[in-house]
Amino acid sequence: MRTVIFILQKEFRQVFRDKLMLPIIFIVPVVQLLILSYTATFEIKNTRIVIVDLDHSQRSRELVFHFESSSFFKIVSRQQNYQLASEWLKNGDADQVIVIGADFEKAIEANQSAKILLVTDAINGSAASLMNAYAQQVIQGFNKNILTEKMPFTTNKGTLSAEPLFWYNPKLNYVTYMVPGILVLLVTIIGFFLSGMNIVKEKEMGTIEQINVTPIKKWQFITGKLLPFWLIALFELVFGLGIAKLVFDIPFLGSFPLLMGVAAVYLLVILAMGLLVSTLSDTMQQSMFISWFFLVIFILMSGLFTPIESMPAWAQWFNKINPIAYFITINRMIMLKGSDFFDFSELFYALSGYAVVMLLLAVNRYKKVKA
Amino acid sequence: MNTEMAISATAISKFYQDKKALDNLSFEIMKGSLFGFIGPDGAGKTSLFRILNSLLIPDEGKANILGFDTVKDYRQIRRIIGYMPGKFSLYQDLTVEENLKFFAGIFNSTISKNYHLIEDIYNHIEPFKNRKAGQLSGGMKQKLALSCALIHKPEVLILDEPTTGVDAVSRGEFWEMLQKLKSQNITILVSTPYMDEASLCDEVALMQEGKIMQRATPEKIIEAFEQTLWSVQSDNMFKLLSHLNDLPEIKLAYRSGDHICFIPEMLTFEEKKLLDHLEKIGHQSLHIRQIEPTIEDSFIFHMQSQN
């Protein structure tokens, strides 16, 4: 035990003597949370539209007014014909073109269907379908007004109306959804890289050679290596949660100790993985590439940006070995739903098993002797 | 087993892919001796030391230190040896004192407990004890590394090229320290590429290409050098060397400091004839004399005659 304390003391000294370490611990989470939470959003605001009104009638102007008064749309230009308007799309100056047909008013007055052409820049598919849906809604609203106007006594009778209620995130606030995931990302990156760079740094500096000829036992060495980063990463999580609360006023419905408990187990998986990478590579460069390779895959598939449920079946299977996916799911459950342990006990047990396997692998792969 | 032996190795071989790094090495080293392994880079010195200190497993053969097998009893080995790798291997971002404390700590010891062992060495660097190890000069780094290797009072000290890249003054001091440590009854194994350091050991082994070519006390090695050695100088040393090498009556010629040493083919060598010949082909201000061979000359001759 005394030996472990000596290793711990040395590791902490080295970590905090590194001039970049404190900025990494305190600035990185702030910047990541602020930037990612505000920019990694799928909400569509200020869709730039170009109007081509070929009808120039009372009705067409009313429709344009509906678009003008919506906060989702911003009319950037009005053009005389479709050809001119499509130039705006091509140049990337507009997202959508709305063409109102020449006989728009006439058709409405004659109780026939009036034609509107909706052209959307669909390079970003999911954004395009959202913009399309918003535009449809505006047009529906306009349509409803006409019906009320023309048949004042028949509306709202016998029509179905669905009242949407959004649980756990009533305002559909994207930040509320993103922040718990980004917190996970934060502790993962800090933990993975700190541990992934550590042993390999000793290899590169040659210091491992001197350590290996001492009677230090494997478990003592690994404990001494893991514990500082484990504590730093846990602190990082608390720090990040504080920012989430102060800056974004993210709801925290569940139990804080429960979250920390899960994080403690999760970090064992991550740190052991980092250590494994560290023992397998000979240079920090190798370790860096291997770490990034796994982290990028784990992050992209973790359900941080896109729901796991809409991924193909193989990807959902893959996520069974993706620790980030586990913790993001659990973290969202605790923070946003207020879930208690029994709601995610299966996930937790899987994570614990994972931690044991990774730790055993890491200790096993660290070899003091070369054959 | 002979208790007088600190280290014994039997038929050790080590391969890296198809290259033989160590070739069937067997030797024994007396307790309390200062034993030197001399040889050029790539001779296998580091591989041998890493096998002895339990970091490397030999492909064939076995070795033991004070009766402990280097593979089976690696735990005991690591308690009784002090190892100083060729590359500086202390924590550069920790201070002198922190390094020493750390290495004392992981051996369950303290600095004060074995201070008498390192006192003479640590004295030199104590004024800088709050300086980071990475900021020390080469000579001071070696002293710190030696202190760290000694702080747990090892019985066998294994030093891999401790003086490589260290200035001449520090090298001299370093060898003085080793002599003092020897008097504390610590067996010391040291490797070096500098042949002049060989004469400072009790016994030396000349290594080349994974084999021990010769092993004896420095005096014996010089005695066994049954050649006459000559020294020659001229105004054009570069041409002189190639001219000498072209002559059939010269067995071996090599540069040594500001003169060229050569060993004639016959013991009865006529210096007059050589001088005339050299003058004829344009050499001026020639000086020639017979000199006493040193251990270096013996090694150079040995290595050349093996090729």
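Residues numbered from 1 in each chain as written. Chains lettered and ligands numbered in written order. Predicted model: local features only at pLDDT ≥ 70, side-chain atom pairs only at ≥ 80, totals over all residues. Heavy atoms only, no water.

A. Main features of the overall build of chain B. In terms of helices and strands, chain B carries 10 helices and 14 strands. Projected onto its principal axes, the C-alpha positions of chain B cover 70 × 45 × 35 Å. Out of the 307 residues in chain B, the part that is buried amounts to 54%. Put simply, 69% of the contacts in chain B that link residues at least 6 apart link residues at least 24 apart. (Helix = DSSP H or I, 4+ residues; strand = E, 2+ residues; numbered from the N terminus. Buried < 20%, exposed > 50% of the residue type's maximum accessible area, 1.4 Å probe, protein only. Contact = heavy atoms within 4.5 Å.)

B. Structural detail: the domain arrangement of chain A. We note that the domain assignment places domain 1 (2–40 + 169–366) and domain 2 (47–150) within chain A. Centre-to-centre, using C-alpha coordinates, domain 1 of chain A lies 48 Å away from domain 2 of chain A. (Domains from an automatic or database assignment.)

C. Here's a closer look at the packing of aromatic side chains. All names here are of chain A. Per the counting criterion, the structure on display carries 26 aromatic pairs over all chains. Here the aromatic rings of phenylalanine 252 and phenylalanine 256 are separated by 6.4 Å at their centres, their planes lie at 55 degrees, and the arrangement is tilted. On the basis of relative accessibility, which here comes to 23%, the residue phenylalanine 252 falls in the partly exposed class. A relative accessible area of 39% places phenylalanine 256 in the partly exposed class. Arranged with centres 5.7 Å apart and planes meeting at 80 degrees, the rings of phenylalanine 341 and phenylalanine 342 form a pair that is edge-to-face. Clustering of aromatic rings is evident, with ring pairs tying together Phe341, Phe342, Phe344, Phe348 and Tyr349. (Phe/Tyr/Trp six-rings, centres within 6.5 Å; stacked < 30°, edge-to-face > 60°.)

D. Summary view of the packing of helix α13 (residues 323–337) of chain A against helix α14 (residues 345–365) of chain A. All names here are of chain A. Orientation of α13 relative to α14, taken along the N-to-C sense of each, is 145 degrees, at an axis distance of 10 Å. Crossing of α13 against α14: the hand is left-handed. Across the interface between the two elements, Pro323, Tyr326, Thr329 and Ile330 of α13 pack against Leu347, Phe348, Ala350, Leu351 and Tyr354 of α14. The residue inventory of the contact of α13 with α14, partitioned by class, reads eight nonpolar, one polar and no charged. (Axes fitted to C-alpha atoms, helices over the stretch in contact; angles between N-to-C directions. Left-handed = near helix turned anticlockwise from the far one by under 90°. Nonpolar A, V, L, I, M, F, W, Y, C, P; charged D, E, K, R; others polar.)

E. Expanded view of the side chain of serine 147 of chain B. Looking at the secondary structure, you find serine 147 of chain B in helix α5 (residues 138–150). Excluding anything up to four places from it in sequence, serine 147 of chain B contacts Leu100, Ile118, Ile121, Tyr122 and Ile125 of chain B.

F. Representation of the pairing of strand β12 (residues 250–256) of chain B in the model. Residue and element names in this part refer to chain B. The sheet contact formed by β12 and strand β13 (residues 259–264) spans six bridges and is antiparallel. By the bridge assignment, isoleucine 250 is partnered in β13 with proline 264. Counted between consecutive antiparallel strands, the loop separating β12 from β13 contains two residues, among which glycine 257 sits at a positive phi close to 65 degrees. (Pairing = 2+ DSSP bridges.)

G. Molecular detail of the sheet that holds strand β8 (residues 187–192) of chain B. All names here are of chain B. As summarised here, the arrangement of the six strands in space is β6-β7-β8-β3-β9-β10, forming an open sheet in which the pairing is mixed. If you trace the sheet from one side to the other, it starts and ends with β6 (81–84) and β10 (211–216), each paired once. Across the sheet, the axes of successive neighbouring strands diverge by a mean angle of 15 degrees, strand direction being ignored. As defined by bridge partners, β6 adjoins strand β7 (residues 156–159) across four bridges and the pair is classed as parallel. When the bridges of β7 are listed, tyrosine 83 appears paired with isoleucine 158.

H. View of the interface of chain B and chain A. Counting residues at the interface gives 31 residues for chain B, matched by 27 residues for chain A. Between chain B and chain A lies a buried interface of about 2,800 Å² when both sides are counted; carbon and sulfur atoms form 58% of it. There are three salt bridges connecting chain B and chain A. Between arginine 50 of chain B and glutamate 209 of chain A there is a salt bridge; the shortest N-O distance is 2.6 Å. Linking chain B with chain A are 13 residue pairs in polar contact (both at pLDDT 80 or more), by the criterion used here. At the level of secondary structure, the elements contributing two or more residues to the side of chain B that touches chain A comprise α2 (74–80) and α3 (96–106) of chain B. The biggest single contributor to the side of chain B that touches chain A is α3 of chain B, with six residues. (Buried area = accessible area lost by both parts, 1.4 Å probe. Salt bridge = Lys/Arg side-chain N within 4 Å of Asp/Glu carboxyl O. Polar contact = N/O pair within 3.5 Å; in protein donor to acceptor, adjacent residues only side chain to side chain.)

I. The arrangement of the side chain of serine 191 of chain B in detail. Residues and elements named next belong to chain B. Note on placement: serine 191 falls in strand β8. Residue classification places serine 191 among the buried positions, given a relative accessible area of 0%. A polar atom in the side chain of serine 191 sits 2.9 Å from the side chain of aspartate 160. Setting aside residues up to four positions removed in sequence, serine 191 forms contacts with Phe37, Lys45, Phe49, Leu159, Asp160, Glu161 and Pro162.

J. Main features of the sheet that holds β13 of chain B. Residue and element names in this part refer to chain B. Read from one edge of the open sheet, four strands run β12-β13-β11-β14, paired in antiparallel fashion. The outermost strands of the open sheet, each flanked by one partner alone, are β12 and β14 (287–291). Between one strand axis and the next, the sheet turns by 25 degrees as a mean value, whatever way the strands run. In terms of strand pairing, strand β11 (residues 229–233) meets β14 through five bridges, oriented antiparallel. When the bridges of β14 are listed, leucine 229 appears paired with isoleucine 291. Against the sheet, helix α8 (residues 237–246) makes contact with β11, β12 and β13, and its axis sits at roughly 160 degrees relative to β12, the strand it touches most. The strands touched by helix α10 (residues 295–306) are β11, β12 and β13; relative to β12, the strand with the most contacts, the crossing angle is about 130 degrees.

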